[in-house]
Amino acid sequence: MNPIALDETPVSCEFYQKSHRPAFIYYQLAPNGSKIEVQAQADANGLCYFPEASCELSNFSCCSLSESMHTAAEFGTMINVQSCLVCLVLPMVCLVCIARLRRRQEAQQALEDEETDEDQEEEESEEMNQAMRGLECETSAGEAETGEEAEPCWRNGLRVLLRVLLVIGFAAELMMLTFTARITQKLLDVPMRNSMMAGEAFLMPVREIFQFLEDVVTVKIMAAVRAGSLAAVRPILSLGVLGGALCGVVAALCITAILSWPAALRWLLAPYAMHEDSLACPLVPKGDDAAATAKMYLLLSAWCWPANFVSMGLRGLFLGLNEWSTLGLSILVPNAIQIVLLFMIFIPDPSLDALGLIAIVGAYGSLLILLVILLLRRGFREQYNLTLGSSEVKPDEMTASVSWREASREGFYAMLLDVAAQSSITVGIYTGGAMLGIGAMYQIAALQAAFPQYGLQYIIGVTYALRLQGTRLVAAEEYQAFKGLFRGTVIYGLLLALVAAATLIPYRVPIAFLQARQACEYASSLECTKIFTSVFGGGDATGGTLQGSAMWIFVPILIARCFYQLYKAGLYACLDWSFMARTGVSSFLLVFLPAICAAVFYFQTVLSIFLAMYLPLLVMAITFMCRTRRNIKRMLSDRSGPWRKEL
């Protein structure tokens, strides 16, 4: 129903920090079910609040972003998305055009050289003519010499289609990541969003920590195949799949036990509950209410892990063996199903239970697709000795062996890095909630939700390219090519991060209000205005605000996160596991702990806690960059290093 607006009356109060221009519109529920816009009143501290708004009703949206603020936020988001996509696609198109131009020039040069050789004129002429038709069907020199038939055109086209399918799959995954973050931030009310964010604070680290299963399996299988050791594929895959299943079940059982402990569950989901601002505000859910709201969502999310971790191992197999079609289908289909379920189940009736159901369907659907494809491809399984009940490999394939102890140790090193990186984020979230209250926790939640919407999602494809192609080049000892690849991806990542930041800064204020728009309801009650001001400021409130200092610091932290992912992928290609683990643990102990102590005991602001959370990632990014450059120099000087270790 269309809202019925009241006549505007001038007010002498602040709607938020240093602003007499409203960012939100507040409504009262009329007897006929329509929305009536209500006007502001000034509290004793000079803040505008709206006591006539019907925010106490659970199924009534009592406030919304003003039209001007919403328009500016959506326009800024559109500019950010389009600029990042152009930055991502345009260099690729330029590189393809340059590569084609080089091939044409090489073909032309070869044709000119051929004219000086009369003895081979006819044979060379035909070969160069095929090269000049280059982009249609090419016959390699090796095939010409051995007399093998030219590869049919349809196979080249099929390769292109398979790679396009993979790109579409990754695009669907990025869309799911971005869309879920945006739609939950928009549709979930403040209590649900806070319960979700608190639960994710201890679920997300576990999920991110075990990402090493896919990464390690991918890198080691690619190195093994490149070294000609097909015998290594089976034990590497077994380690990833069996280890993933075991870790997933144990982790899910541990979370189930924690969720069955009421006191622990209340603290995990409502660390802000004992803060004075939360105790005074009737709109803040208590610990028991938060537990009842999120318990099923957390259980379903935890029991996604066994399927997710096994899928990571299988995806690592297909990534390592360049099985683009299988990988593309395994990514595309589950994400498409989840997007459809979001529209069918979640959007009509937003709830955490619906999100948990969608997550578990996607997790086990993805695993089922991978297993079915693997079972149907008998030739593929026989080629890499993946058939059940068989562990023998032809003698000429046994060029190397895999040490389970060595592989497990390397996996532990990779996990240790992720534990250190994620622990600082988790500790920071709970510290902010317990020390500064729900307003600080909501600021952090809004910033966390903004990362995959305004730039971080686009760096994933670049890191995949560096990890896959980099591992292949290092295993083939093409170190000069790896140097060029690393330098190119770093420049690419820097350009992408700077474009994301440059398009975000001009619209930081409306985007901040867009990200935290559910917190507007706290301005409807005099007892809750302190929570509102802890997010947006206003009145006599002091300290940082979401639209102010927090959004300024968000930009360099976004760049730090992008660089951390990039340089981590570079060290993965170098197989430098132990160094990454040492750096991660050292950053947590020597950087995060002093920083969080300073934030808690001296600064006591949301900004200081947020900086402490991500300062270790910045330090690790710089360290990883220096280490990768050092490794490349050692490669080019033919010195030993972790990249030359046995599998």
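This report concerns the structure included in the present document. These figures come from a predicted structure and were not determined experimentally. Along each chain, residue indices are assigned from 1 in the same order as the chain's sequence is written. Per-residue local features of the predicted model are confined to residues with pLDDT of at least 70, and side-chain atom pairs are confined, for both listing and counting, to 80 or more; whole-chain, interface and lining totals are unaffected and use all residues. Derived side-chain values reflect all non-hydrogen atoms in the structure, with water molecules and hydrogen atoms excluded from consideration.

Our next topic: the overall build of the protein. Each helix and strand counted, the protein has 23 helices and five strands in total. The buried label applies to any residue whose accessible area, calculated with a 1.4 Å probe on protein chains only, is under 20% of its type's maximum; exposed applies above 50%, and partly exposed to all values in between. A burial count over the protein gives 51% of its 647 residues as buried. Long-range contacts, defined here as pairs at least 24 residues apart, represent 81% of the contacts in the protein between residues at least 6 apart. All accessibility values rest on the Shrake-Rupley procedure with a 1.4 Å probe; residue burial counts only the protein chains present in the view. Here the protein has roughly 29700 Å² of accessible surface; of this, 61% comes from carbon and sulfur atoms. By definition, any uninterrupted DSSP run of H or I lasting at least four residues is a helix, any uninterrupted run of E lasting at least two residues is a strand, and each is numbered from the N terminus. Contact criterion: two residues are considered in contact whenever any of their non-hydrogen atoms come within 4.5 Å of each other.

Salt bridges are defined as contacts in which a side-chain nitrogen from Lys or Arg sits within 4 Å of a carboxyl oxygen from Asp or Glu. Here the structure, examined in full by the defined rule, presents two salt bridges. Residue Asp576 is joined to Arg627 by a salt bridge in which the shortest nitrogen-to-oxygen separation is 2.6 Å. Separated by 51 residues along the polypeptide, Asp576 in the loop between α21 (546-573) and α22 (577-603) and Arg627 in helix α23 (residues 606-636) bring together distant segments of the chain. Here Asp576 and Arg627 have matching classes, each one buried.

Turning to the environment of Leu237, a few remarks are in order. Examined against the element boundaries, Leu237 turns out to sit in helix α7 (residues 233-259). The spacing of Leu237 and Leu386 is 149 residues in sequence and 9.0 Å in space, taken between C-alpha atoms. Those residues within four positions of Leu237 in sequence are excluded, and the remaining contacts are Gly313, Leu314, Leu317 and Leu386.

Let us now look at the packing of α21 against α22. To get an axis, fit a line to the C-alpha atoms, keeping to the stretch in contact for a helix; angles then go from 0 to 180 degrees between the N-to-C directions. Direction vectors running N to C along α21 and α22 enclose 145°, while the axes themselves pass 8 Å from each other. Residue-level inspection shows Lys568, Leu571 and Tyr572 of α21 in contact with α22, the latter providing Trp577, Phe579 and Met580. For this scheme, ten residues count as nonpolar: Ala, Val, Leu, Ile, Met, Phe, Trp, Tyr, Cys and Pro. Four count as charged, namely Asp, Glu, Lys and Arg, and the remainder, Gly too, count as polar. Tallied by class, residues from the contact of α21 with α22 come to five nonpolar, no polar and one charged.

With that out of the way, let us pick up empty space enclosed by the protein. Where empty space is left can be seen by rolling a probe of water-molecule size over the atoms. Cavities and pockets were defined on a 1 Å grid built from protein atoms only: a cavity is a group of points that admits a 1.4 Å probe but offers it no way out, a pocket is an open group of points flanked by protein on both sides within 12 Å along at least five of seven lines, and a lining residue is one with an atom within 4 Å of any such point. Grid points are joined across faces, edges and corners, and a volume is the space filled by probe spheres set on the points. Enumeration over the complete set of coordinates arrives at two cavities of 30 Å³ or more. Reported here for the largest cavity is a volume of approximately 60 Å³. Taken together, Phe15, Tyr16, Ala23, Phe24, Tyr26, Cys48, Phe50, Ala523 and Phe532 make up the lining of the largest cavity. The residue inventory of the lining of the largest cavity, partitioned by class, reads nine nonpolar, no polar and no charged.

Turning our eyes to something else, we now look at the packing of aromatic side chains. A pair of Phe, Tyr and Trp rings is counted when the ring centres sit within 6.5 Å of each other, with Trp represented by its six-membered ring. The angle between the planes then sorts it: under 30 degrees is stacked, over 60 is edge-to-face, the rest tilted. Summed over all chains, the structure comprises 19 aromatic pairs. Their ring planes at 80° and their centres at 5.1 Å tell us that Tyr572 and Trp577 sit as a pair that is edge-to-face. An aromatic cluster is built from Tyr16, Phe24, Phe513, Phe532 and Phe536, whose rings are joined through pairwise contacts. For a Lys NZ or an Arg CZ to count as sitting over a ring, it must be within 6 Å of the ring centre and within 35 degrees of the ring normal. The residue whose ring lies beneath Arg561 is Phe451, and the NZ or CZ to ring-centre distance is 4.8 Å.

Another aspect to go through is the sheet that holds strand β1 (residues 24-29). Spatial ordering of the open sheet is given by β2-β1-β5, a layout of three strands whose pairing is antiparallel. Edge positions in the sheet fall to β2 (35-38) and β5 (63-65), since each has one partner strand and no second. Adjacent strand axes in the sheet meet at a mean angle of 40° when their direction is disregarded. Note on pairing: DSSP must find at least two bridges between two strands before they are called paired. Across three bridges, the pairing between β1 and β5 is antiparallel. Of the residues in β5, the one forming a bridge with Phe24 is Leu65.

A positive phi angle is found at Lys18, which is not glycine, with a value near 55°. Locating Lys18 in the fold gives a position in the segment before β1. In this structure, Gln604 takes a positive phi of about 55° despite not being glycine. Within the secondary structure layout, Gln604 lies in the loop between α22 and α23. On the accessibility criterion, Gln604 (46% relative accessible area) is partly exposed.

A general tendency of soluble globular proteins is for nonpolar side chains to be buried together. Ranked by size, the top nonpolar core spans 117 residues in total, and within it Phe24, Tyr26, Phe482, Tyr522, Phe536, Leu546 and Phe624 carry the most contacts. Ranked by residues supplied to this core, first place goes to α21 with 18 residues. Sequence-distant contacts of Phe624, defined by excluding residues within four places in its chain, comprise Leu417, Tyr564, Tyr567, Lys568, Leu571, Phe579, Met580 and Thr583. Throughout, nonpolar core names a set of buried Ala, Val, Leu, Ile, Met, Phe, Trp, Tyr and Cys residues whose side chains join them through atoms within 4.5 Å.

Each patch is built from salt-bridge-free residues with over 30% relative accessible area, joining like charges within 9 Å and nonpolar side chains (Val, Leu, Ile, Met, Phe, Trp, Tyr) within 5 Å. A cluster of nonpolar side chains, contributed by Ile337, Val340, Met344, Ile345, Leu357 and Val361, occupies part of the molecular surface with about 490 Å² of accessible area. Of all the secondary structure elements, the ones that give two or more residues to the nonpolar patch are α12 (324-346) and α13 (352-376). Looking at the nonpolar patch, the element that brings in the most residues is α12, giving four residues. Positionally, Ile337 belongs in helix α12. Taking the relative accessible area as the measure of exposure, Ile337 reaches 38% and is therefore partly exposed.

Turning our attention to the pairing of β1. Alignment of β1 against β2, held across four bridges, turns out to be antiparallel. For Tyr26, the partnering residue across the bridge sits in β2 and is Val38. Connecting the antiparallel pair β1 and β2 is a turn made up of five residues, with Gly33 showing a positive phi of about 90°.

On to the packing of α21 against α23. Axis separation between α21 and α23 bottoms out at 8 Å; the angle between their running directions is 30°. Viewed along their axes, α21 and α23 adopt a mutual orientation that is roughly parallel. Considering only the axes of α21 and α23, their crossing is left-handed. Taken together, the residues that form the contact of α21 with α23 break down as 17 nonpolar, four polar and three charged. Comment on the angle field: the value is read as roughly parallel under 35 degrees, roughly antiparallel over 145, roughly perpendicular from 65 to 115, and oblique elsewhere. The sense of a crossing depends on the near helix, which, turned anticlockwise from the far helix by less than a right angle, makes the crossing left-handed and, turned clockwise, makes it right-handed.

Further remarks concern the environment of Gln469. Tracing the sequence through the fold places Gln469 in helix α17 (residues 459-475). Accessibility expressed as a relative area gives 31% for Gln469, which makes it partly exposed. Along the chain, Gln469 and Ala481 lie 12 residues apart, while their C-alpha atoms are 9.9 Å from each other.

The disulfide criterion is simple: two cysteine sulfur atoms within 2.5 Å. Evaluation of the coordinates by the stated rule reveals three disulfides. Sulfur-sulfur distance for the disulfide between Cys13 and Cys48 comes to 1.9 Å. The chirality of the disulfide connecting Cys13 with Cys48 is right-handed, given an S-S dihedral of about 100°. Residue Cys13 is found in the segment before β1, and its partner Cys48 is found in strand β4 (residues 48-49); the two are separated by 35 residues along the sequence. Residues Cys13 and Cys48 agree in their burial class; the two are buried.

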